[in-house]
Amino acid sequence: MSNGVVPPEVEERAAVLRSQLNHHRHRYHDLDDPEISDADYDALMRELQRIECDFPELVTPDSPTNLVGGSPSALFAEVVHAVPMMSLDNAFSMQELRAWGTRLERYIEGGVRFCCELKIDGLAMSLRFERGRFVRAATRGNGVVGEDVTPNVATVRDIPHGIRLPVDQTPEVIEVRGEVYLPLGAFEELNKHQAAAGQRLFANPRNAGAGSLRQKDAAVTATRNLSFWSYQLGEVQGGPVFRRHSETLEWLRQAGLPVNPEIRVFRDLDEVYAFTQHWLEHRHDLDYEIDGVVVKVDDLDQRRQLGSTSHAPRWAIAFKYPPEERTTPLKRITVSIGRTGKATPFAVLEPVFVGGSTVGTATLHNEDQVRLKDVREGDTVIVRKAGDVIPEVVGPVLSLRPEGSEPWAFPEACPVCGQALARSEGASDTFCVNDDCPARRAGWVEHFASRGAMDIEGFGEQRVWLFFNERLLADPGDIYTLDLDRVEAMEGFGPVSVANLRRAIDASRSRTLDRLLVGLNIKHLGSAGARLLSRALGYLDRIMAASAEELAAIEGVGPTIAQSVHDWFRVPRNTEVVEKLRRAGINLEGPVTPSVPQLLAGRTVVVTGTLEGWSREEAEEAIKARGGKSPGSVSNKTTAVVVGREPGASKVAKAGELGVPVLDEPAFATLLETGDLPTPAS
């Protein structure tokens, strides 16, 4: 555990991990285009969790360990979940499954029955029924706010437009949680149509299904033959009272909702583990992809006792299956240059079907990984595809190595601009440090226009490179002075496509300041940090003028992000881009926070559980706006603990031990309005 002193290398590693995890969350949840496997993501998350456990002072409110899912897309209206859609903690072995079972014993007594469900590899969805009629569908989003995709989900034939129960047995409101997925047969048919039309094939059913659901035109979604499995209840008003989760599933089945038939209830974890191993062996017998088994405490009273952490229920865990592996010839090794200049080696493979899709390339990560694995051109290599995401080369099959094989050497020069590559002492990654490298500049433009930043449709990789090669673009600022008359005269463009491009560009001028900050491609600054800067300073010029110390003083930002932001705005070529954006009329203002009395100055208020009137983020912002602090843990410095539905049991217990007042939602509202704590009953 920490003694109060955090080694600089640990702090830096935590910052890098947060940046990586936020990036990969965005690629997976927002773009449906992941870059790493579930296993690789889980390893990064576990490393960050270990660091934060050893050094609690490094925990930030926006840490990926406290987040769920991704950001809602600007393409759809936002939906605030009445009951948050949380993620699940993972187990990868019987030992970890037993460790979870041991943790349960800290909170509950007596026997536990476990309900086991196949973990469908799809897109989490919430269906809302009012008086028995289907009225809304929303994605998980970030767990609190999702995307309204009602017209698209209404085309899924598995989902009834009304609950099939007598009127007197139909709840006023019932929210059904489940997974939208693309069956394997439908996936194969979809790719046949893609091939016949000369269009790009979809990589795997999960991404094809998510992309099908996020279509602007619901008629396109209707052609994709998506399916749905129900697995949980969310908000319920006026519904029946259940004792067990398995009873809720049976009720959903009777109500006409699709419930997976391969659900079982077991008395102990030995039976649970046997169930996971059965489906590990038979996973390919199904017409849909699974990547594990979800294990839930069946008794609902026990669930309430167990509560949740900030991002996951304690009463459930996902038993994840190991990645699948295949062997294939490695034809050559190439190096790709990303928007940050990072030089990443890739293996060009003889295409092989693994993990549900055909793989032609696989990452080799960095120079050290290539050397450690001793992977060479001409080798037969083991390819692993974990979680049906980006594959990686595990290592060579040495018995099949050709005679005379030579070790591969990392290039000394950038394969795009020809300038020398650089690698800092002690670092694992190699970079092209030429700010004018076309690959870096093009990557920056792609990032700036991406959905998580300025969301400008029409600036994908191929088109951006086309504009670069035609000298129409050199940086993101040039997007707004793009010669569209010249573009229209180019092959593959016409009046309609150029008009769409113009509309997309114009629409981006009013994006929020935090999204602009993300698009500027500042090292270590992700969407959460960008929101904090935007809310705290309110205008881009104030952020540009602030010292590193002033930026670091903003709660949740920290010295690493602060120094990176400060340094970025001291580079002339970067400020030139900012001035281009200013002249283009880009929105440079953040949210305006009304001035409120500092009623909570010097006080610390912890929020736990789900509140009716506020999301967790809104409640914490309300506290901070009044001068208070809202950390994630209870201590002897805590003024009060606000408790909603399904609170963290450890926080409530800690408050009791320390004599910290516990407030319900009305008392919290009074605290915000008056600054006064309720008077204890005499």
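Residues numbered from 1 in each chain as written. Predicted model: local features only at pLDDT ≥ 70, side-chain atom pairs only at ≥ 80, totals over all residues. Heavy atoms only, no water.

(A) Representation of the overall build of the chain. A tally of regular secondary structure across the chain gives 24 helices and 21 strands. Put simply, the chain has 682 residues, and 51% of those count as buried. Here the contacts in the chain between residues at least 6 apart in sequence split such that 69% fall between residues at least 24 apart. Accessible area of the chain: about 31,500 Å², with a carbon and sulfur share of 50%. Considering the chain, the positive charge centre built from 77 side chains and the negative charge centre built from 97 side chains are found 1 Å apart. (Helix = DSSP H or I, 4+ residues; strand = E, 2+ residues; numbered from the N terminus. Buried < 20%, exposed > 50% of the residue type's maximum accessible area, 1.4 Å probe, protein only. Contact = heavy atoms within 4.5 Å. Areas by Shrake-Rupley, 256 points an atom, 1.4 Å probe, with all protein chains shown as cover. Lys, Arg positive; Asp, Glu negative; His and termini not counted. Charge placed at Lys NZ, Arg CZ, Asp CG, Glu CD.)

(B) Quick look at the side chain of Lys 651. Mapped onto the elements of the fold, Lys 651 is located in helix α23 (residues 649-658). We note that Lys 651 is buried and unpaired, the nearest opposite charge coming from Glu 620 at a distance of 7.0 Å. Sequence-distant contacts of Lys 651, defined by excluding residues within four places in its chain, comprise Val 606, Val 607, Thr 608, Gly 632 and Val 634. (Salt bridge = Lys/Arg side-chain N within 4 Å of Asp/Glu carboxyl O.)

(C) Molecular detail of the environment of Leu 300. Looking at the element boundaries, Leu 300 is found in helix α10 (residues 300-306). Each C-alpha atom of the pair Leu 300 and Gly 443 lies 49 Å from the other, and the pair is 143 residues apart in sequence. Residue contacts for Leu 300: discarding those within four places in its chain leaves Phe 242, Arg 243, Arg 244, His 245 and Thr 248.

(D) Highlighting the packing of aromatic side chains. Inspection of every chain in the model, using the stated rule, returns 16 aromatic pairs. Aromatic side chains Tyr 181 and Trp 229 sit 6.0 Å apart centroid to centroid with 10 degrees between the ring planes, which places their arrangement in the stacked category. Pair noted here: Tyr 181 is in strand β7 (residues 173-181) and Trp 229 is in strand β8 (residues 227-237), with a separation of 48 residues, a long-range link. The pair formed by Tyr 181 and Trp 229 is uniform in burial state, with each residue classed as buried. The interplanar angle of 55 degrees and the centroid separation of 6.4 Å between the aromatic rings of Trp 465 and Phe 468 together place this pair among those described as tilted. On the criterion of helical spacing, the pair formed by Trp 465 and Phe 468 is a turn pair, its members being three residues apart in helix α13 (residues 461-469). Looking at Trp 465, the relative accessible area reads 25%, which means it is partly exposed. (Phe/Tyr/Trp six-rings, centres within 6.5 Å; stacked < 30°, edge-to-face > 60°.)

(E) Representation of the environment of Ile 586 in the model. On the secondary structure map, Ile 586 appears in the loop between α21 (572-583) and β19 (605-608). The class of Ile 586 is buried, set by a relative accessible area of 5%. As for Ile 586 and Val 295, which are separated by 291 residues in sequence, their C-alpha atoms are 48 Å apart. Residues contacting Ile 586, with those up to four places away along its chain left out, are Met 454, Tyr 480, Arg 509, Leu 516 and Leu 581.

(F) Highlighting the pairing of β7. Across the nine residues that make up β7, a large majority, nine, are buried. Neither face of β7 is open: one carries Val 173, Glu 175, Arg 177, Glu 179 and Tyr 181, the other Ile 174, Val 176, Gly 178 and Val 180, and all of them are buried.

(G) Structural detail: the nonpolar core. Ranked by size, the top nonpolar core spans 53 residues in total, and within it Ile 456, Phe 459, Tyr 480, Leu 482, Leu 516, Leu 517 and Phe 569 carry the most contacts. A per-element tally of this core places helix α12 (residues 438-449) first, with five residues. If sequence neighbours within four positions are ignored, Phe 569 has contacts with Leu 517, Leu 520, Ile 522, Leu 540, Ile 543, Met 544, Thr 575 and Val 578. Val 180, Leu 182, Leu 190 and Leu 213 belong to the second-largest nonpolar core, a separate cluster that totals 36 residues. (Core = buried A, V, L, I, M, F, W, Y, C linked by side-chain atoms within 4.5 Å.)

(H) Geometry of the packing of helix α3 (residues 94-104) against helix α9 (residues 269-282). Contact geometry of α3 with α9 gives a least axis separation of 11 Å together with a crossing angle of 140 degrees. Considering the angle they form, α3 stands oblique to α9. As for how α3 packs across α9, the hand of that crossing is right-handed. For the pair formed by α3 and α9, the contact residues are Met 94, Leu 97, Arg 98, Trp 100 and Gly 101 on the first element and Leu 269, Asp 270, Val 272 and Tyr 273 on the second. (Axes fitted to C-alpha atoms, helices over the stretch in contact; angles between N-to-C directions. Parallel < 35°, antiparallel > 145°, perpendicular 65-115°, else oblique. Left-handed = near helix turned anticlockwise from the far one by under 90°.)

(I) Representation of the state of the cysteines. A complete count under the given rule lists zero disulfides for this structure. Here Cys 115 stays unpaired: no disulfide links it, and the sulfur of Cys 116, its closest cysteine neighbor, is 6.9 Å away. No disulfide involves Cys 437; its nearest neighbouring cysteine sulfur is the one of Cys 414, lying 3.8 Å away. Residue classification places Cys 437 among the buried residues on the basis of a relative accessible area of 0%. (Disulfide = S-S within 2.5 Å.)

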